[in-house]
Amino acid sequence: MKAVRFHEFGNADVLKIEEIEDPKPGPGEVTIAIKASGLNHLDVDVREGISRFPVSLPHSLGIEVAGDIIALGEGVEGWEVGDRVNPYVMAPCERCRYCRTGRESICLEPGFISFSTGGGYAEQVAVKAGQLIKIPDSVSYEEAAATQVAFGTAWHMLFTRGRLSAGESVLVNAVGSGIGSAAVQLASHHGAFVLGNASSQDKLDRAAELGLDVGINRLEEDIAARVMEATDDRGVDLVFEHVGGKMFQDSLDSLSKDGRLVTCGGHAGEVVDFDIIPFFRTQKSVIGSFVYTREEVDRCYALAARGDIKALVHAVFPLDQVADAMRMMERREQFGKIVLTT
Ligand SMILES: [Zn+2]
């Protein structure tokens, strides 16, 4: 089969399309013929060698795949060849204290697609049957490859970690990104008042179609000042933060008293100053969030099957144009997700 691999860290030029052996399903595993694979910013960090995850070379990129089961390993029950599936990005151990208490994303010994298996930028991958999530018939492979990470992450941040309620206000940072646009849809569907920022009016206009109530152009406007203006000087109940750097401080400044900031990323600056005094005097909370659970993905698919949310596929590239696809993502021009197809 064909797989995209790299033998040294670097820019998109290090990617090679190579012919490697087809994966065979071990006991309890299935092999999936990949139809579509979603790109994620993590892939850039892994390729550049700055992900803070251990990467052994050559490495095959890609964590988010959708396809058909083509082979069942020994002992697999409940799944058939031909089933349309989207494997959970993680392979939880199912034994540790976190797995046993419904918190599988912080499993002590998890596998991860592309780290403990082959990568998703390929024609096939073998995964544990326990990782499989069924794709509803009404969701295409391209949409499925654009659903799990964006909507699952947004769900976990907004509802499980951030405890967003209907009627509350939320500020979504970078509404044009995969998880930002997913968060706007989920928060709006949930009945929240949704504010958001982006670097262009075009992205804000598109987010408005998804349910954004107040758009803030971060290059032209002061985010916290605009948030205060739109909330009667109160600030928002929740900030959905995944940018880092200056945006982290702007986010804290946008919170109401007793407000919550949930974060899952920091590309724009991973280490920030933090003023402790106003933080505790206004009783704010900063909450970390990592990945999501399979149940949360199922809930997102149920909404997608009903047409309540829609995965946003900005562009589709064939596998052999992976370098162009990654460059597009790195320019951050897209609205939604970029997908590779085999
Ligand atoms: Zn575990």
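Conventions and cut-offs
- Residues numbered from 1 in each chain as written.
- Predicted model: local features only at pLDDT ≥ 70, side-chain atom pairs only at ≥ 80, totals over all residues.
- Heavy atoms only, no water.
- Donors = N, O, S within 2.8 Å, 3.2 Å for Na, K, Ca; no water.
- Tetrahedral: all angles 85-135°; square planar, octahedral: opposite > 155°, others 65-115°.
- Pairing = 2+ DSSP bridges.
- Helix = DSSP H or I, 4+ residues; strand = E, 2+ residues; numbered from the N terminus.
- Domains from an automatic or database assignment.
- Buried area = accessible area lost by both parts, 1.4 Å probe.
- Salt bridge = Lys/Arg side-chain N within 4 Å of Asp/Glu carboxyl O.
- Polar contact = N/O pair within 3.5 Å; in protein donor to acceptor, adjacent residues only side chain to side chain.
- Nonpolar A, V, L, I, M, F, W, Y, C, P; charged D, E, K, R; others polar.
- Buried < 20%, exposed > 50% of the residue type's maximum accessible area, 1.4 Å probe, protein only.
- Axes fitted to C-alpha atoms, helices over the stretch in contact; angles between N-to-C directions.
- Parallel < 35°, antiparallel > 145°, perpendicular 65-115°, else oblique.
- Contact = heavy atoms within 4.5 Å.
- Core = buried A, V, L, I, M, F, W, Y, C linked by side-chain atoms within 4.5 Å.
- Right-handed = clockwise from strand over helix to strand, strands pointing away.

### Structural notes on the coordination of the zinc ion
Alright, step 1. Surrounding the zinc ion are the protein donor atoms Cys 93 (SG), Cys 96 (SG), Cys 99 (SG) and Cys 107 (SG), which sit 2.3 to 2.4 Å from the metal.
Alright, step 2. For the zinc ion, the 4 donor atoms in the first shell make angles of 101 to 117° at the metal, so the coordination geometry reads as tetrahedral.
Alright, step 3. Taken in chain order, the donor set of the zinc ion reads C-x2-C-x2-C-x7-C.

### Let's talk about the sheet that holds strand S1 (residues 2–6)
Alright, step 1. If you trace the 3 strands from one edge of the open sheet to the other, you get S2-S1-S4, paired in antiparallel fashion. With partners counted over all chains shown, the strands left at the sheet margins are strand S2 (16–19) and strand S4 (59–60), one partner each.
Alright, step 2. Pairing of S1 with S2, which is carried by 4 bridges, proceeds in the antiparallel orientation. When the bridges of S2 are listed, Val 4 appears paired with Ile 17.

### Some details on the domain arrangement of the protein chain
Alright, step 1. If you check the domain split of the protein chain, you get domain 1 (2–147 + 311–341) and domain 2 (150–288).
Alright, step 2. For domain 1 and domain 2, the distance between their C-alpha centroids amounts to 28 Å.
Alright, step 3. Where domain 1 abuts domain 2, roughly 1,100 Å² becomes buried across the two surfaces, and 50% of that area is made up of carbon and sulfur atoms.
Alright, step 4. Note that Arg 52 and Glu 270 form a salt bridge whose closest N and O atoms lie 2.5 Å from each other.
Alright, step 5. Scanning the region where domain 1 abuts domain 2 turns up 6 residue pairs in polar contact (both at pLDDT 80 or more).
Alright, step 6. Looking at side-chain class alone, the side of domain 1 that touches domain 2 contains 4 nonpolar, 5 polar and 6 charged residues.

### Focus on the pattern of salt bridges
Alright, step 1. With the rule as written, the count across this model stands at 19 salt bridges.
Alright, step 2. Here Glu 168 makes a salt bridge to Arg 260, at a shortest N to O gap of 3.0 Å. With Glu 168 in the loop between helix H3 (148–161) and strand S10 (169–172) and Arg 260 in strand S14 (residues 255–263), the pair connects residues that are 92 residues apart, well separated along the chain. A single burial state applies to Glu 168 and to Arg 260, both of which are buried.
Alright, step 3. When salt bridges with common partners are traced through the structure, they connect Asp 13, Asp 324 and Arg 327 into a single cluster.

### As for the packing of helix H1 (residues 41–48) against helix H10 (residues 322–330)
Alright, step 1. Across the interface, H1 lies against H10 with an axial gap of 10 Å and an inter-helix angle of 110°. It follows from the interaxial angle that H1 and H10 lie roughly perpendicular. Contact residues: His 41, Asp 43, Val 44, Arg 47 and Glu 48 in H1; Met 326, Met 329 and Glu 330 in H10.
Alright, step 2. Each residue belonging to the contact of H1 with H10 can be placed in one class, and the counts come to 3 nonpolar, 1 polar and 4 charged.

### Looking at H1
Alright, step 1. When we look at burial in H1, the residues that qualify are Asp 43, Val 44, Asp 45, Val 46 and Arg 47.
Alright, step 2. Taken together, the buried residues of H1 touch S1, strand S3 (29–38), S4 and H10.
Alright, step 3. Looking one or two residues past H1, Gly 49 carries a phi angle of roughly 80°, positive in sign.

### Comments concerning the nonpolar core
Alright, step 1. Grouped together as the largest cluster of nonpolar side chains are 55 residues, with contacts concentrated most on Leu 158, Val 170, Leu 186 and Phe 240.
Alright, step 2. Tallying contributions element by element places H3 first for this core, with 8 residues.
Alright, step 3. Two domains each donate at least three residues to this core, and these are domain 1 (2–147 + 311–341) and domain 2 (150–288).
Alright, step 4. Within the second largest apolar cluster, 22 residues are counted, among which are Val 44, Val 46, Tyr 121 and Phe 317.

### Re the pairing of S10
Alright, step 1. Alternating positions in S10 separate into two faces, Ser 169 and Leu 171 on one and Val 170 and Val 172 on the other, with burial throughout.
Alright, step 2. As defined by bridge partners, S10 adjoins strand S11 (residues 193–198) across 4 bridges and the pair is classed as parallel. When the bridges of S11 are listed, Val 172 appears paired with Gly 196.
Alright, step 3. Traced from S10 through helix H4 (residues 178–189) to S11, the parallel crossover comes out right-handed.
Alright, step 4. The pairing of S10 with strand S13 (residues 236–241) spans 3 bridges and is classified as parallel. What sits directly across from Val 172, in S13, is Phe 240.

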